Amino acid sequence: MTALLEIRDLHASVGDKPILKGIDLTINTGEVHAIMGPNGSGKSTMSYVLAGRDGYEVTGGDILMNGESLLEMEPDERARAGMFLAFQYPVELPGVGGMSFLRAAVNALRIEAGEEEIDQLGFVKIVREKAKLLGISDDMLKRAVNVGFSGGEKKRYEILQMALLEPTMAVLDETDSGLDVDALRIVSEGVNLLRDPGRAMLVITHYQRLLNHIVPDYVHILADGRIRKSGGKELALEVEESGYAGVDDAA
Amino acid sequence: MPELMMQPDLSAVTASGGVRGAALARWQKSGWPGPRAEAWRYTSLARLSDVDLAPATSLAGGLTGPGALAAAGINAHVIRFENGVVDPAGMSGLPGTVSVATLDGDEPAMAQLADLAPAGHPVSDLSLAVMNGGIVMDVAGAVETPVMLMFEGDDAGASAHPAILVRLAPGASIQIAEWHQSAVGLAAPLIGYDIAAGARLEQVKVQAEGAATTHLAATGVALGEGASIAGFSLSTGGALARLETHVAMQGEGADCQLSAIYMGRGAQHQDITTYMDHAVANCTSNQIIRGVLDDSARGVYQGRVHVAPDAQKTDGQQMSRALLLSRKAEADAKPELEIYADDVVCAHGATVGELDATQLFYLTSRGIPFETARAMLIEAFLIDTIETIENELLAGLLRPVAEAWLAGKETL
């Protein structure tokens with residue numbers, strides 16, 4: 001069986017500074033993996049490298065999705081191949097209407113698949129249904145993308161995009177940051193609804209608390225650009241008790 | 001003649017005295033501005049030196065082109081100029097309290113236009129001197145039907161010199177659209193708007209001239225007590241375009257909203273130049289300027305605000321932002337505040353920037369192709385400016401022109 005995502009000895013730099021120093025990770029369809037790590041360990045760099053952001057340069061190794069290298073693909077090509085990144089800091093787009101943004105994204109996928117573009121009325125209906133599950137109001141949908149949204153609203157809006165784009169590989173970068181307990185619950189429920197045998201997720205987080213809500217199959221501890229330890233969900237609890245230093249020492 | 005470049009064929013000009021004769025004399029003395037003229041520092045007219053253009057004298061075709069569709073879309077009454085020559089068909093069947101007469105020969109009207117015209121601008125003198133006909137439009141009351149002034153023509157060897165005086169009587173109101181889409185060598189419209197006390201003009205201008213055309217517009221506006229203008233220009237066409245507007249606020253409580261978008265690609269040169277003269281107290285002027293420049297296009301915004309010593313409680317605002325889509329594109333902004341009164345609120349700001357890389361990444365990370373993402377962000381950059389146009393009908397004229405440019409189309 002071909003792995004959905006296979007990261008092989010990945011090295012990456014930002015500017016001249018090496019951040020990722022040899023990551024190996026294999027994720028199969030249907031699995032939920034968590035990557036935990038202290039600040040500066042390379043968590044966010046890893047999410048941007050997967051999505052293909054400019055300025056995050058891969059200096060060695062490879063990333064394969066469904067057996068094909070992502071390295072030569074632009075961010076939009078990766079997205080249409082099934083990669084999705086839920087941003088830690090969703091970007092405000094003043095002047096870009098929410099609905100036309102969502103529709104442009106869905107239509108890009110449909111065009112790639114050789115399907116007809118979605119009609120406006122049908123699309124509004126689908127968006128409203130999915131938005132309702134995430135507690136996103138019609139008013140929010142009408143606004144410019146992320147403009148005037150609270151921290152929690154921005155994160156819910158990320159999950160709404162994920163629900164509409166139905167990626168095969170979803171990377172959630174610190175989706176819990178800036179969320180209060182209630183918002184965390186709503187976002188986690190939204191994510192759990194999207195758990196699917198045909199989809200894998202990589203949940204990147206600093207804290208264990210998110211993993212109480214989105215329970216992973218595997219947990220990896222990232223420190224100084226390498227995966228120091230891998231295990232089951234109990235590894236997250238270990239971090240909670242002894243901190244990253246303890247885990248790192250044990251590695 | 002100093003600084004001699006392109007000269008019209010003066011033998012075809014019938015100006016022999018009066019206002020036109022005086023204008024011709026001024027033109028012959030000053031000619032085109034040279035490289036050291038401060039007002040033309042960023043915009044060189046050297047390209048006119050090699051061309052041999054003559055003012056057109058006759059009409060050829062009929063109403064055609066995208067402008068006609070646009071006019072039909074807003075049910076406008078059209079007054080058409082071809083190669084600068086007025087088509088008399090548009091001078092009858094006028095809506096409401098609008099009347100139109102020939103400008104040439106009406107000495108008081110021509111003198112009024114000469115007064116309104118931007119002082120020292122070459123087109124102010126040249127187009128008055130060599131105009132073929134020209135019109136004076138009087139608006140006596142509130143007019144519902146918009147009037148479109150349409151400037152067409154396909155004579156690349158012609159210079160077009162339409163001269164137009166529009167007078168709004170006290171309390172009158174009208175919507176006027178200027179549609180400039182020709183392939184003439186030089187388009188040099190001279191237009192004066194005299195807006196009397198309490199009158200209101202809602203005006204838009206589309207400049208979508210052909211790729212080889214030089215568009216030099218001289219527009220003068222006078223505002224009486226409590227009069228207002230809400231004007232908006234969209235400049236996308238021409239090889240070189242300069243839209244220069246001078247506004248004289250002569251009556252207290254006058255309000256001038258005058259915004260513009262310019263868009264350039266290839267080697268296009270786009271210039272928006274404005275002069276706000278706050279001559280009396282309690283007037284407001286507000287300008288939002290947006291520019292989008294690709295390839296090696298160049299954009300210029302010169303905005304001068306003059307506040308006279310007695311013009312207390314003046315509120316004058318200018319904000320210009322340019323977006324560069326290419327490393328070779330260039331934008332210059334020259335705001336000038338000349339304030340001689342002490343109790344005023346005046347501000348200007350100018351920024352030049354690129355598309356935000358983080359915003360582009362966010363859009364493309366959702367699968368949206370780069371070019372589409374780029375167009376979405378450019379549109380977003382322009383949209384709030386177009387949204388300041390209160391008149392939906394007129395705003396609707398501009399959106400397709402901007403969208404056609406964004407889609408990279410040569411014509412609409």
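Conventions adopted
Residues numbered from 1 in each chain as written. Chains lettered and ligands numbered in written order. Predicted model: local features only at pLDDT ≥ 70, side-chain atom pairs only at ≥ 80, totals over all residues. Helix = DSSP H or I, 4+ residues; strand = E, 2+ residues; numbered from the N terminus. Rg over C-alpha atoms; globule rule 2.2 N^0.38 Å. Buried ≥ 20, exposed ≤ 12 C-beta atoms within 10 Å, placed from the backbone. Contact = placed C-beta atoms within 7 Å. Pairing = 2+ DSSP bridges. Axes fitted to C-alpha atoms, helices over the stretch in contact; angles between N-to-C directions. Parallel < 35°, antiparallel > 145°, perpendicular 65-115°, else oblique. Left-handed = near helix turned anticlockwise from the far one by under 90°. Nonpolar A, V, L, I, M, F, W, Y, C, P; charged D, E, K, R; others polar. Domains from an automatic or database assignment. pLDDT = per-residue confidence, 0-100.

Novice: Would you mind showing me how to read the overall build of chain A here?
Specialist: Along chain A, the regular secondary structure elements total nine helices and 12 strands. The C-alpha radius of gyration of chain A comes to 18 Å, within 12% of the 18 Å expected for a compact globule of 251 residues. Expressed along its principal axes, the backbone C-alpha trace of chain A runs to roughly 55 × 40 × 35 Å. The buried share of chain A, reckoned over its 251 residues, is 43%.

Novice: Which parts of the structure should I look at to understand the overall build of chain B?
Specialist: Looking only at helices and strands, one finds seven helices and 22 strands in chain B. In summary, chain B has a C-alpha radius of gyration of 20 Å against a globular reference of 22 Å for 412 residues, a match within 12%. Projecting the C-alpha coordinates of chain B onto the three principal axes gives extents of approximately 65 × 50 × 45 Å. Counting over 412 residues, chain B shows a buried share of 53%. Restricting the contact set of chain B to residue pairs at least 6 apart, pairs at least 24 apart contribute 85%.

Novice: Looking at this structure, how should I read the sheet that holds strand β11 (residues 218-223) of chain A?
Specialist: Within a sheet, adjacent strands bond to each other through the backbone by hydrogen bonds, running parallel or antiparallel. Residue and element names in this part refer to chain A. As summarised here, the arrangement of the six strands in space is β6-β9-β10-β3-β11-β12, forming an open sheet in which the pairing is mixed. A strand with exactly one partner marks an edge of an open sheet, and here the two such strands are β6 (83-86) and β12 (226-231). For this sheet, the mean angle separating the axes of adjacent strands, direction not counted, is 20 degrees. Seen against the sheet, helix α6 (residues 151-165) touches β6 and β9 (169-173) and runs at an angle of roughly 165 degrees to β6.

Novice: I would appreciate a short explanation of the environment of alanine 212 of chain B in the present structure.
Specialist: Residues and elements named next belong to chain B. With respect to the secondary-structure elements, alanine 212 resides in the loop between β12 (200-207) and β13 (214-223). Looking at alanine 212, the number of C-beta atoms within 10 Å reads 13, which means it is partly exposed. The sequence separation of alanine 212 and glycine 237 amounts to 25 residues, and the corresponding C-alpha distance is 9.0 Å. Excluding residues that lie within four positions of it along the chain, alanine 212 makes contacts with Ala156 and Ala239.

Novice: Explanation requested: the packing of helix α3 (residues 98-112) of chain A against α6 of chain A in the structure shown.
Specialist: In a packed pair of helices, the relevant descriptors are the angle between the two axes and the axis-to-axis distance. Residues and elements named next belong to chain A. Following both chains from N to C, one finds α3 and α6 inclined at 30 degrees, their axes separated by 10 Å at the closest point. Classified by the angle between their axes, α3 and α6 sit roughly parallel to one another. Between α3 and α6 lies a crossing of right-handed hand. On α6, the residues touching Leu102, Ala105, Val106 and Leu109 of α3 are Gln161, Leu164 and Leu165. The class makeup of the residues in the contact of α3 with α6 is six nonpolar, one polar and no charged.

Novice: Is there a simple way to explain the interface of chain B and chain A in this structure?
Specialist: Where interface size is given, it is often the accessible area lost as the parts come together that is meant. Facing 18 residues of chain B, the contacting portion of chain A comprises 21 residues. At the level of elements, α5 (357-364) and α6 (370-386) of chain B are the ones that each hand at least two residues to the side of chain B that touches chain A. In terms of residue count, the dominant contributor to the side of chain B that touches chain A is α6 of chain B (seven residues). Class assignment for the residues of the side of chain B that touches chain A results in 10 nonpolar, six polar and two charged.

Novice: So what exactly am I meant to see when it comes to the environment of threonine 273 of chain B here?
Specialist: All names here are of chain B. As for its placement among the helices and strands, threonine 273 is situated in strand β17 (residues 269-278). C-beta crowding within 10 Å serves as the criterion here: with 23 such atoms nearby, threonine 273 is assigned to the buried category. Discounting residues that sit within four places of it in the chain, threonine 273 has contacts with Arg242, Glu244 and Gln302.

Novice: Looking at this structure, I do not really get the domain arrangement of chain B. What am I missing?
Specialist: Residues and elements named next belong to chain B. Looking at chain B, the domain boundaries give domain 1 (10-251) and domain 2 (356-412). Computed from C-alpha coordinates alone, the two centres of domain 1 and domain 2 are separated by 29 Å. Listed as interface residues are 14 residues of domain 1 and, on the opposing side, 12 residues of domain 2. Residue assignment for the side of domain 1 that touches domain 2 shows that the elements contributing at least two residues are α2 (65-73), β9 (173-180), β12 and β14 (228-235).

Novice: How should I be thinking about the confidence of the model for chain B in this particular structure?
Specialist: When pLDDT is low, close inspection of the predicted coordinates is not appropriate. Confidence in the prediction of chain B, expressed as mean pLDDT, is 91, and 94% of residues score 70 or more. The low-confidence segment residues 1-5 of chain B (pLDDT under 50) makes 12 contacts with residues lying over four places distant or belonging to another chain.

Novice: How should I be thinking about the pairing of β17 of chain B in this particular structure?
Specialist: Look at any regular strand and the pattern is simple: side chains alternate between the two faces of the sheet. Residues and elements named next belong to chain B. Among the 10 residues in β17, 10 count as buried, and that is most of the element. Alternating residues of β17 divide into His269, Asp271, Thr273, Tyr275 and Asp277 and Gln270, Ile272, Thr274, Met276 and His278, and every residue in both groups is buried. Here β17 pairs with strand β19 (residues 298-307) via 10 bridges, running parallel. Across the sheet, residue isoleucine 272 finds its bridge partner in β19, namely tyrosine 301.

Novice: Looking at this structure, I do not really get the packing of α5 of chain B against α6 of chain B. What am I missing?
Specialist: All names here are of chain B. The interhelical angle for the contact between α5 and α6, taken along N-to-C directions, is 130 degrees, at an axis separation of 9 Å. If you check the angle between α5 and α6, you find them oblique. In this structure, α5 crosses over α6, and the sense of that crossing is right-handed. In this structure, α5 uses Gln359, Leu360, Leu363 and Thr364 to contact α6, whose residues at the interface are Phe370, Ala373, Arg374, Met376 and Leu377. Here the contact of α5 with α6 is built from residues that sort into six nonpolar, two polar and one charged.

Novice: Please explain the sheet that holds strand β3 (residues 85-86) of chain B as it appears in this structure.
Specialist: Residues and elements named next belong to chain B. On the basis of which strands lie adjacent, the open sheet formed by 10 strands has the order β3-β2-β6-β9-β12-β14-β16-β18-β20-β22 and mixed pairing. Only two strands of the sheet have a single neighbouring strand rather than two, namely β3 and β22 (345-354). With six bridges connecting them, strand β2 (residues 77-82) and strand β6 (residues 147-152) associate as parallel partners. Bridging from a neighbouring strand, valine 78 pairs with methionine 148 of β6. Sheet contacts for α6: β16 (255-264), β18 (284-293) and β20 (315-324); angle to β18, the most-contacted strand, approximately 165 degrees. Contacts from helix α7 (residues 392-406) reach β9, β12, β14 and β16 within the one sheet, and its direction differs from that of β12 by about 15 degrees.

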